[in-house]
Amino acid sequence: MKRYKKLSILPLLAGLILLGSVTPGEASVYFQCPGYVQGVSSDTNGDGILRGAEIGAAVPESQVCIHLSSGDGFVNMADKVLDPDGNGQGHLQYMFGFANVTGVPDSQVMNVGMLGAEFPAPTINVREGDDVYLSLTNVGMMMRPDLFDAHTVHWHGFPNASAIFDGLPDSGVAIGMGSTLTYYYKVAESGTFMYHCHVEAAEHMQMGMLGNLYVEAKQTYDGYAPNGIPAGRLGGNPDPSAPLGYAFNDQDGSTAYDVEFPVQISSFDPVFHDNHINVQPLPFADMEDTYPMINGRGYPDTINPAELGSSPENGFRNAQKIDARIIAAPGQRILLRITSLSTTSYHTLSIMGIPMKVVGNGSRKLGLANDTSKYYYTNSVTLGGGEAMEVILDTRGPDGIQGNADDIAPGTYFLYTTNLDHLANNEEDYGGMMTEIVIQ
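Residues numbered from 1 in each chain as written. Predicted model: local features only at pLDDT ≥ 70, side-chain atom pairs only at ≥ 80, totals over all residues. Heavy atoms only, no water.

Participant: Where do I start with the sheet that holds strand β27 (residues 434-439) in this structure?
Facilitator: Strands sit in the order β16-β27-β24-β18-β22 across an open sheet of 5 strands; the sheet is mixed. Both edges of this open sheet fall to β16 (326-328) and β22 (380-383), since each of them pairs with a single strand only. Averaged over all neighbouring strand pairs, the angle between strand axes comes to 15°, with direction disregarded. Bridging between strand β24 (residues 411-417) and β27 involves 6 bridges; their strand directions are antiparallel. By the bridge assignment, Tyr 416 is partnered in β27 with Met 434. (Pairing = 2+ DSSP bridges. Helix = DSSP H or I, 4+ residues; strand = E, 2+ residues; numbered from the N terminus. Axes fitted to C-alpha atoms, helices over the stretch in contact; angles between N-to-C directions.)

Here's what the structure looks like:
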């Protein structure tokens, strides 16, 4: 059934007229980053953040600057109706979201950010000990010019030193349309976190203002010499036998991993989103998510490595940039950084054929350093909204030795929800919250 709906361009034109008073030259866009020189500083490695020397020669490596915009846009769901050429578009969903505008000249941020919302939001990946300056510019709602919603960045589960940077509008500062606020974080703890807008949280989270955020452990860069734990390859260790990194400062190497993947649980209620773009009352009490997703996609889009979400309505921008396909080689350890920002349901994820070793929960290592007694094996994990887990899949089997009978055989495995009604893309069965793990 084709559910694609052609949207009127009238709201867009109205938005352009309304935002005429917030033209790029007049908007309060101000990317604050100590040492940053516009036109000189550059994101040379293309990771979406500016770090140390990318900002300036005298800037310490631990300084990180990020610039996000907040506004609206569109994404496509996975229930596509394909034409004979294999092209097609799923249910178009209006959404709120963030975009990464790091390095974009201040005078161009409004133009780049408008209709640039991504789902999930751009991933933020920093290191323990970093000094992070995160500027958020509210570029307004192009498709809902009747709205003047403020936005924030709430780093969920992170111990902020000051409430003003926590993103709660009641105790901090919410950013109005055409304005910028720079948050500062001293990253004190490693782990898997998430971020979202906390203004009118039920609405803005349902609309898609959700992102992955994780902090690489200090041990990844320094190792732990007293116990002979080497630094990871992310930390510059040239030894190919060293792990890529460690999920936590475990002091014993027990959270070492060779590849890592975000697995963010979320879901949309199409009635809520359609009512929003059609300026109708929002069904908060009847909210029912029928588009369950991993990293902003339903199966089979979860295993499509391409960036998705381009449509005429968002100016042909790829709004769904993060796939959920998990690939590893035999002998590797896979770190899954699992988070849930669902606003309606608990979700259980399971894997057939690969034991799941849970080493962290709630952005904390299970047990103290140099203690593995609290880790446990399971074949499923259940998360409610706002929860995070670190799970390691060891393709060498539970004994951690490559070449034994318990090795995980090469092949394709499935990571899926056992909430069977969530294995669907709305009215289309055999989709939803599922992806593939390929051992090859």
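Text resumes after the structure shown.
Participant: What's the story with the sheet that holds strand β6 (residues 121-127) in this structure? I'm lost.
Facilitator: Taken in spatial order, the 4 strands of this open sheet run β6-β11-β10-β8, and their pairing is mixed. With one partner strand each, in any of the chains shown, β6 and β8 (154-156) form the two edges of the open sheet. Sheet twist, expressed as the mean angle between neighbouring strand axes with direction ignored, is 25°. In the sheet, β6 pairs with strand β11 (residues 210-216) via 5 bridges, with the strands oriented parallel. Among the inter-strand pairings, Asn 125 is bridged to a residue of β11, identified as Tyr 214.

Participant: Please clarify how the pattern of salt bridges should be interpreted in this entry.
Facilitator: Where charged atoms from two side chains of opposite charge approach closely, those side chains can pair. Inspection of every chain in the model, using the stated rule, returns 11 salt bridges. Between Glu 189 and Arg 364 there is a salt bridge; the shortest N-O distance is 3.1 Å. Pair noted here: Glu 189 is in the loop between β9 (180-186) and β10 (191-196) and Arg 364 is in strand β20 (residues 364-365), with a separation of 175 residues, a long-range link. Residue Glu 189 is classed as partly exposed on the basis of its relative accessible area, which comes to 25%. A salt bridge links Arg 333 to Asp 258, with the nearest nitrogen and oxygen atoms 3.1 Å apart. Of this pair, Arg 333 sits in strand β17 (residues 333-340) while Asp 258 sits in the loop between β13 (256-257) and β14 (259-268), placing them 75 residues apart in sequence. (Salt bridge = Lys/Arg side-chain N within 4 Å of Asp/Glu carboxyl O. Buried < 20%, exposed > 50% of the residue type's maximum accessible area, 1.4 Å probe, protein only.)

Participant: Please clarify how the nonpolar core should be interpreted in this entry.
Facilitator: One recurring pattern in soluble globular proteins: nonpolar side chains tend to sit buried together. Judged by nonpolar contacts, the single largest core of 45 residues is most densely connected at Leu 68, Phe 98, Leu 134, Val 153 and Trp 155. With residues near it in sequence (within four places) discarded, Leu 134 still touches Ile 66, Leu 68, Ile 124, Val 153, Leu 181, Thr 182, Tyr 183 and Tyr 185. Counting residues in each nonpolar core, the second largest holds 36 residues, with Tyr 257, Ala 328, Ile 392 and Met 433 among its members. (Core = buried A, V, L, I, M, F, W, Y, C linked by side-chain atoms within 4.5 Å. Contact = heavy atoms within 4.5 Å.)

Participant: Sorry, what's going on with the environment of Ile 124 here?
Facilitator: Residue position: Ile 124 is located in strand β6. The class for Ile 124 is buried, based on a relative accessible area of 4%. In sequence terms Ile 124 and Arg 337 are 213 residues apart; their C-alpha atoms lie 13 Å from each other.

Participant: Would you mind going over the side chain of Ser 340 with me for this structure?
Facilitator: On the secondary structure map, Ser 340 appears in strand β17. A polar side-chain atom of Ser 340 sits 3.4 Å from the main-chain amide nitrogen of Ser 342. Non-local contacts of Ser 340, meaning those with residues more than four positions away in its chain, are made with Met 194, Ile 265, Leu 383, Gly 384, Gly 385, Gly 386 and Glu 387. (Polar contact = N/O pair within 3.5 Å; in protein donor to acceptor, adjacent residues only side chain to side chain.)

Participant: What should I look at first to understand the packing of aromatic side chains in this one?
Facilitator: Any pair of aromatic rings gets described here by the distance separating the centres and the angle formed by the planes. One pass over the full model with this rule turns up 14 aromatic pairs. For the pair Trp 155 and Phe 158, a centre-to-centre distance of 4.1 Å together with 25° between the ring planes defines the contact as stacked. Accessibility assignment for this pair places Trp 155 and Phe 158 in one class, buried. Ring pairing ties together the aromatic residues Trp 155, Phe 158, Phe 165, Tyr 183, Tyr 185 and Phe 193, which thus form one cluster. (Phe/Tyr/Trp six-rings, centres within 6.5 Å; stacked < 30°, edge-to-face > 60°.)

Participant: Would you explain helix α5 (residues 270-277) in this entry?
Facilitator: Because the α-helix completes a turn every 3.6 residues, residues three or four places apart line up on one side. All of the buried residues in α5 are Pro 270, Phe 272, His 273, His 276 and Ile 277. With its buried residues spanning 160° around the axis, α5 presents them on a single face. Against β2 (63-76), β5 (92-100), α3 (201-206), β14 and β15 (291-294) lie the buried residues of α5. Taking the backbone nitrogen of Val 271 as reference, a side-chain oxygen 3.0 Å away marks Asp 269 as the first, capping residue of α5. The positive-phi residue at the C-terminal boundary of α5 is Val 279, with phi of around 55°. (Arc of directions from axis to C-beta.)

Participant: Even after reading the chapter, I still don't get the layout of surface pockets, so can you show me in this structure?
Facilitator: If you roll a probe as big as a water molecule over the atoms, it shows you where there is empty space left. Roughly 720 Å³ of internal volume is contained in the largest pocket. Lining the largest pocket are 31 residues, and of these Gly 46, Asp 47, Gly 48, Thr 123 and Asn 125 sit closest to its centre. Among the elements of the structure, β5, β6, β11 and β14 are those that each provide at least two residues to the lining of the largest pocket. Top contributing element to the lining of the largest pocket by residue count: β6, with 6 residues. Counted by class, the lining of the largest pocket contains 13 nonpolar, 8 polar and 10 charged residues. (1 Å grid on protein atoms, 1.4 Å probe; cavity = no way out; pocket = protein on both sides within 12 Å on 5 of 7 lines; lining within 4 Å. Points joined across faces, edges and corners; volume = space filled by probe spheres on them. Nonpolar A, V, L, I, M, F, W, Y, C, P; charged D, E, K, R; others polar.)

Participant: I would appreciate a short explanation of the pairing of β24 in the present structure.
Facilitator: Walk down a regular strand and you will see the side chains alternate between the two sheet faces. As defined by bridge partners, strand β18 (residues 347-351) adjoins β24 across 3 bridges and the pair is classed as antiparallel. Considered in β24, the bridge of Ile 351 is made with Leu 415.

Interpretation in functional terms is not warranted from these geometric data alone.
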